[in-house]
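Reading the structure
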Amino acid sequence: QYLSSEKYKDLISKSGEFSTFKNFKIFPINLGSFNKPTQNTKLLDSSSSSEEKTFILDKPNLYILELNPTNEKNYKFIFNENKAKLIIEGKVLKKNKFNFVGNVDVSEKTIVRDGEQIRFDNNLLTGCVTFLNTEFKGGYIFSQNLKCEDAVNIINSNGRIDNVEILDSRYDALDIDSSNISIKKLHVMKAGNDCADFSFGNYEILESSINNCSDKAFSFGESSQGSIINSLIKNSSNAIAAKDNSVVKVQNSKALEIRDYCLAAYNKKPEFEGAEIIKSNFVCVGESLKDSKSSIK
């Protein structure tokens, strides 16, 4: 929809705030372009041969790690401050391991603005950890007890990740936007919202075990192309959802103890149309949902 330049500038300038346009409340998202604030802490990725490098994130800052392209070491990040955010950029090599751990003793401070809970910062970063403009050549990602809107967020990235394991996320566990990513193994246990959320890209999950998602085990939206193979989903509200021009293929998978919908295909946002789910050897006892713009076949 055409906007005047003045209205456009007004909408996009409200970083970290909700905007309202024609009775629609707009939730701002970050697509990978923002000004890094002056109050940031650059983490040094030295070229030493140390097997593991540990970083303590204990300030309410944005921490930035630019990966040394020659390092195949292990990294451990301990979040001792609930407002700390981490951005990782560069190339992830096959033997790299990332361990992100939240401190369970650090209390969460809820920010409310105009009656709405705010879970993003002034740069619209929703993840405790954000892999930005990253090329994955393998690697292992582990996360536990993170309390941000997304435990791990991947933006504007591509490649193959060997293993992702995310445990005990306060809200979404894994969120990937505007990327082309293949995940060899994905394991998510207990998320306060979605276990895995994908938008604006191409995604392949070759093997997965998903358990105890308060909302959706897999959610694909905003023109995503998704492929789910060899997945076991248990004890979640919804198994697989496709929204807003997304096409999702599900093969050789099973969903157990699903409280609401096994499969759901629908249109959510007015700027998009429906969605499509194509299933082959998918086992789930329960109902499915589709609207008039969408299909499940």
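Let me sum up the structure you'll find in this document. Note that the structure is predicted; figures quoted are calculated from it, not measured.

This brings us to the overall build of the protein. Of the regular secondary structure elements, the protein holds one helix and 26 strands. The buried share of the protein, reckoned over its 297 residues, is 48%. Sequence-distant contacts in the protein: of pairs separated by 6 or more residues, those separated by 24 or more amount to 40%. Surface accessibility of the protein: about 14,300 Å² in total, with carbon and sulfur atoms responsible for 46%.

Consecutive residues of a regular strand have side chains that alternate between opposite faces of the sheet. Both strand β14 (residues 158-169) and strand β16 (residues 180-191) contribute to a ladder of ten bridges, which runs parallel. Across the sheet, residue N163 finds its bridge partner in β16, namely K185. Examined bridge by bridge, β16 and strand β18 (residues 202-205) share four bridges and lie parallel to one another. Bridge pairing links N180 to N202 in β18. Two elements, β16 and strand β19 (residues 208-213), share five bridges in a ladder whose sense is parallel. Each bridged residue has a counterpart across the sheet, and for H187 the counterpart in β19 is S209.

This part is about the packing of aromatic side chains. For the structure on display, the rule yields twelve aromatic pairs. Their ring planes at 20 degrees and their centres at 6.4 Å tell us that Y75 and F77 sit as a pair that is stacked. When its relative accessible area of 1% is taken as the criterion, Y75 is described as buried. Residue classification places F77 among the buried residues on the basis of a relative accessible area of 0%. Residues F198 and F220 carry aromatic rings whose centres are separated by 4.7 Å and whose planes lie at 15 degrees to one another, so their mutual orientation is stacked. Here F198 is found in strand β17 (residues 196-199), whereas its partner F220 is found in strand β20 (residues 216-221), with 22 residues between them in sequence.

Take the state of the cysteines next. Chemically, a disulfide is nothing more than a covalent bond linking the sulfur atoms of two cysteines. Counted according to the given criterion, the structure contains three disulfides. Covalently, C128 is tied to C148 through a disulfide, its sulfur atoms 2.0 Å apart. Because the sign of the S-S torsion sets the handedness, a value of about 95 degrees for the bond joining C128 and C148 places this disulfide among the right-handed ones. Residue C128 is located in strand β11 (residues 127-137), and its partner C148 is located in the loop between β12 (140-144) and β13 (150-155); the two are separated by 20 residues in the primary sequence. Classification of C128 as buried rests on a relative accessible area of 4%.

In this section: the side chain of S227. By the secondary structure assignment, S227 is in strand β21 (residues 225-229). A relative accessible area of 15% means that S227 is categorised as buried. Once you skip the residues sitting within four places of it in the chain, S227 turns out to touch Y203, E204, I205, K249 and Q251.

As enumerated under the stated definition, the model contains ten salt bridges in all. Across the pair D194 and K216 runs a salt bridge, and its minimum N-O distance is 3.6 Å. Taken together, the residues D194 in the loop between β16 and β17 and K216 in strand β20 connect sequence positions 22 residues apart. Comparing D194 with K216, the two get one shared label, buried. One salt bridge in this structure joins E276 and K297, with 3.0 Å as the shortest N-O distance. Taken together, the positions of E276 in strand β24 (residues 276-284) and K297 in the segment after β26 (295-296) put the pair 21 residues apart, joining distant regions of the chain. Several salt bridges converge on common partners, so that one network encompasses K94, R160 and D162.

Procedures and definitions
- Residues numbered from 1 in each chain as written.
- Predicted model: local features only at pLDDT ≥ 70, side-chain atom pairs only at ≥ 80, totals over all residues.
- Heavy atoms only, no water.
- Helix = DSSP H or I, 4+ residues; strand = E, 2+ residues; numbered from the N terminus.
- Buried < 20%, exposed > 50% of the residue type's maximum accessible area, 1.4 Å probe, protein only.
- Contact = heavy atoms within 4.5 Å.
- Areas by Shrake-Rupley, 256 points an atom, 1.4 Å probe, with all protein chains shown as cover.
- Pairing = 2+ DSSP bridges.
- Phe/Tyr/Trp six-rings, centres within 6.5 Å; stacked < 30°, edge-to-face > 60°.
- Disulfide = S-S within 2.5 Å.
- Salt bridge = Lys/Arg side-chain N within 4 Å of Asp/Glu carboxyl O.

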